[in-house]
Amino acid sequence: CFRQVRELVVPGGHRRVLKDVLPFSAFLTDSFGRRHNYLRISLTEKCNLRCQYCMPQEGVKLSPRSQLLTTEELLTLARLFVRQGVNKIRLTGGEPLIRPDVLHIIAELRKLEGLKTIAVTTNGMNLSRLLPGLKKAGVDLLNISLDTLIPAKFEFIARRKGFHKVREGIEEAIDMGYNPVKVNCVVMRGLNEDELIDFVSLTERKPLDVRFIEYMPFDGNRWNFKMMVSFQEMLDCIKQKWPNLEPVPGEETDTAKAFRVPGFQGQMGFITSMSDHFCGSCNRLRITADGNLKVCLFGNSEVSLRDILRSGAPEEELLHIIGAAVGRKKKQHAGMLNISQMKNRPMILIGGPPPIHTFPWRSRPTQRQSRTLAPVPLLSALLSTDRFRDSSLQFARHCHKKTGFDLKMPHTDAQSSSFDGTSDRLTHTDAQGKASMVNVGSKAVTCRTATACGKVILGPKAFHLVCVNQLAKGDALAVAQLAGIMGAKQTSSLIPLCHPLPLDHVSVTIEPLEEAHAVIVKATCQATGRTGVEMEALSAVTIASLTLYDMCKSVSRDIIITDIKLLSKTGGQRGDFHR
């Protein structure tokens, strides 16, 4: 049941690889037909940085040395998986390059027949010193973690100096012929989303593949969905600078959605584990430093291959245990809100994606900022000047920290809904009356639309100046229209329990009512997802109306904002609504 690879010579002397002449190993094929030919091996739980993403505030308990895989055990498992069809191995950590025998391990892996690719994911601190040895030993691909281009921010995040070492390692990897050099950047709201354009600019003259990674929940990293910047939001931001951004075709099992700015030497990719998972094409398995097999990064089930090896079990028994674990792999992960409630290892003990940092940092003002309440004196001091801003957001996070949101759908029964499709109870509070975010994971993905409107009574003088575009601040209608669109996109940052939604379309119109010296603001939002967009439409109307007020307040103190209401919504499970 092993895979064979042959080459066929075709006219013109070209060679074509023929894969899967025989079936792929049944032990590495799950019940959904996914073939797992990519193995990630964690070489160590230790790291020479102290990033917030992988080290909970209280630290992590490292496994005793006797419980970690020995070099020979690690190589034995690698040989077994390669014989079954694995053709790519990635070495991770902790930080893999602090393991003393890392070059020996790579050299031994390079001897395995059928292993095509050896990759290393590193924080880059030791990279420059080890690069010649890594190249000689046979490393094919390098992924280097770098979440900021600002040295002071790097030190704040990692609690260690080393920014220039990492940059030096990246440059030397390029000089040594690695093409592309992949740079992994986890994007978090309030931390580094203001550096997206700077990172993309690096690809103009260098063979870099910058990979923007959605912030993911792991044990101890205090994941908050409001800190996650979605793929669509990142893409929209970059397209404002480079509207001609073009997609780059990739392989079916690629984890990143790749794009390139025309004329740039490198490219960028987005790893969308949270907003648009790629579970259907997953071909990856993981072995932790203590010898446990994880079939899903976000799953909490593990099988100890170390114990089986040390029991003296024959290879066939080990294969059947591996096959059983792979066979139990689920179709997809549980979704970001459910994952955030699951018990799982901290990232440093898994060896998964690159750093996910949790300390906010304000390098320069941005439109999208959020703050996390953290019980450390330094952070408290940093936030003290902003203590009374974003109070509703801080309150929601305070509740999350103290009690935890109940992310499960509140219990309902056949009697809990009215005939008009509304609920007879508040869905954003739990049985104790505490704030609770609705779990929409079980809802169907449908096209959702909503339209809202509001009225702004300007008065004769302001109305006339708006109509003839003679306000000192400029074109009030155009500014209000843009503000409304931006408000719709920021709804989840303004309303604590709203789900972040990638909007398909937002339309804001402003219609004058001459006799009333007023305008009607109307907004329509559309999204494809599991929850409605009425809050986005209402936010758009509200922000557009407030912007009109701001533009006109110098000529009238008697402006009235009134009658903000939902006109219609469609696509929800409770049916459509039309006022």
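Residues numbered from 1 in each chain as written. Predicted model: local features only at pLDDT ≥ 70, side-chain atom pairs only at ≥ 80, totals over all residues. Heavy atoms only, no water.

(A) View of the pairing of strand β8 (residues 208–214). Most of β8 sits out of view: 7 of its 7 residues are buried. By the alternation rule, side chains of β8 split into Leu208, Val210, Phe212 and Glu214 and Asp209, Arg211 and Ile213, which are all buried. For strand β7 (residues 181–187) and β8, the ladder comprises 7 bridges, and the chain directions are parallel. Across the sheet, residue valine 181 finds its bridge partner in β8, namely leucine 208. (Buried < 20%, exposed > 50% of the residue type's maximum accessible area, 1.4 Å probe, protein only. Helix = DSSP H or I, 4+ residues; strand = E, 2+ residues; numbered from the N terminus. Pairing = 2+ DSSP bridges.)

(B) View of the packing of aromatic side chains. Tallied over the entire structure, the rule returns 7 aromatic pairs. Where phenylalanine 199 meets phenylalanine 212, the ring centres are 6.2 Å apart and the plane angle is 90°; that geometry is what we call edge-to-face. Residue phenylalanine 199 is found in helix α6 (residues 196–201), and its partner phenylalanine 212 is found in strand β8; the two are separated by 13 residues along the sequence. Both residues of the pair, phenylalanine 199 and phenylalanine 212, belong to the buried class. Where phenylalanine 231 meets phenylalanine 259, the ring centres are 6.4 Å apart and the plane angle is 35°; that geometry is what we call tilted. Of this pair, phenylalanine 231 sits in helix α7 (residues 231–241) while phenylalanine 259 is found in strand β10 (residues 256–260), placing the two residues 28 residues apart along the sequence. (Phe/Tyr/Trp six-rings, centres within 6.5 Å; stacked < 30°, edge-to-face > 60°.)

(C) Quick look at the pattern of salt bridges. Enumeration over the complete set of coordinates arrives at 17 salt bridges. Arginine 83 is the partner of glutamate 315 in a salt bridge, and the nearest nitrogen-oxygen pair spans 2.7 Å. Here glutamate 315, found in helix α9 (residues 315–327), pairs with arginine 83, found in helix α1 (residues 71–83); they are 232 residues apart in sequence, far enough to count as distant. One salt bridge in this structure joins lysine 569 and glutamate 534, with 3.1 Å as the shortest N-O distance. A residue pair is termed long-range when its members are at least 10 positions apart, and lysine 569 in strand β18 (residues 560–570) and glutamate 534 in helix α16 (residues 534–552) qualify at 35 residues. It is possible to trace a salt-bridge network through shared partners that takes in Lys153, Asp194 and Glu195. (Salt bridge = Lys/Arg side-chain N within 4 Å of Asp/Glu carboxyl O.)

(D) Focus on helix α14 (residues 476–489). Taking 1.5 Å per residue, 14 residues should reach 20 Å; α14 reaches 20 Å between its end C-alpha atoms and fits that length. Of the residues making up α14, those classed as buried are Ala476, Ala480, Ala483, Gly484, Gly487 and Ala488. Taken end-on, α14 shows its buried residues confined to a sector of 135°, consistent with a single buried face. Tucked into the core, α14 has its buried residues touching α13 (460–467), α15 (491–494), β16 (503–513), β17 (518–529) and α16. (Expected span 1.5 Å × (residues − 1). Arc of directions from axis to C-beta. Contact = heavy atoms within 4.5 Å.)

(E) The arrangement of the sheet that holds strand β15 (residues 446–457) in detail. Pairing in this open sheet of 5 strands is antiparallel, and the strands run β16-β17-β15-β18-β19 from one edge to the other. With one partner strand each, in any of the chains shown, β16 and β19 (577–578) form the two edges of the open sheet. Pairing of β16 with β17, which is carried by 10 bridges, proceeds in the antiparallel orientation. Bridging across to β17, leucine 503 finds its partner in alanine 527. Packed on one face of the sheet, α16 meets β15, β16, β17 and β18 and runs near 150° to β17. (Axes fitted to C-alpha atoms, helices over the stretch in contact; angles between N-to-C directions.)

(F) Examining the sheet that holds strand β9 (residues 246–247) more closely. Taken together, 12 strands build an open sheet; the order of strands is β9-β10-β11-β8-β7-β6-β5-β4-β3-β12-β13-β14 and the sheet is mixed. With one partner strand each, in any of the chains shown, β9 and β14 (303–304) form the two edges of the open sheet. Relative to β14, strand β13 (residues 292–294) runs antiparallel, the two sharing 2 bridges. Paired with asparagine 292 across the strands is serine 304, a residue of β14.

(G) Structural detail: the environment of leucine 497. Residue position: leucine 497 is located in the loop between α15 and β16. For the pair leucine 497 and alanine 435, spaced 62 residues apart in sequence, the C-alpha to C-alpha distance is 8.2 Å.

(H) Fine view of the environment of glycine 269. Note that glycine 269 resides in strand β11 (residues 267–271). According to the relative accessible area criterion, glycine 269 is buried, its value standing at 1%. Along the backbone, glycine 269 and valine 183 are 86 residues apart, and their C-alpha atoms lie at a distance of 9.9 Å.

(I) Region of the structure containing the pairing of β10. Pairing between β9 and β10: 2 bridges, direction antiparallel. In the strand pairing of β10, glutamate 246 is matched with arginine 260. As defined by bridge partners, β10 adjoins β11 across 4 bridges and the pair is classed as antiparallel. Looking across to β11, one finds that lysine 257 is bridged to phenylalanine 270. Between β10 and β11, which pair antiparallel one after the other, the connecting turn spans 6 residues, and glycine 263 there sits at a positive phi close to 95°.

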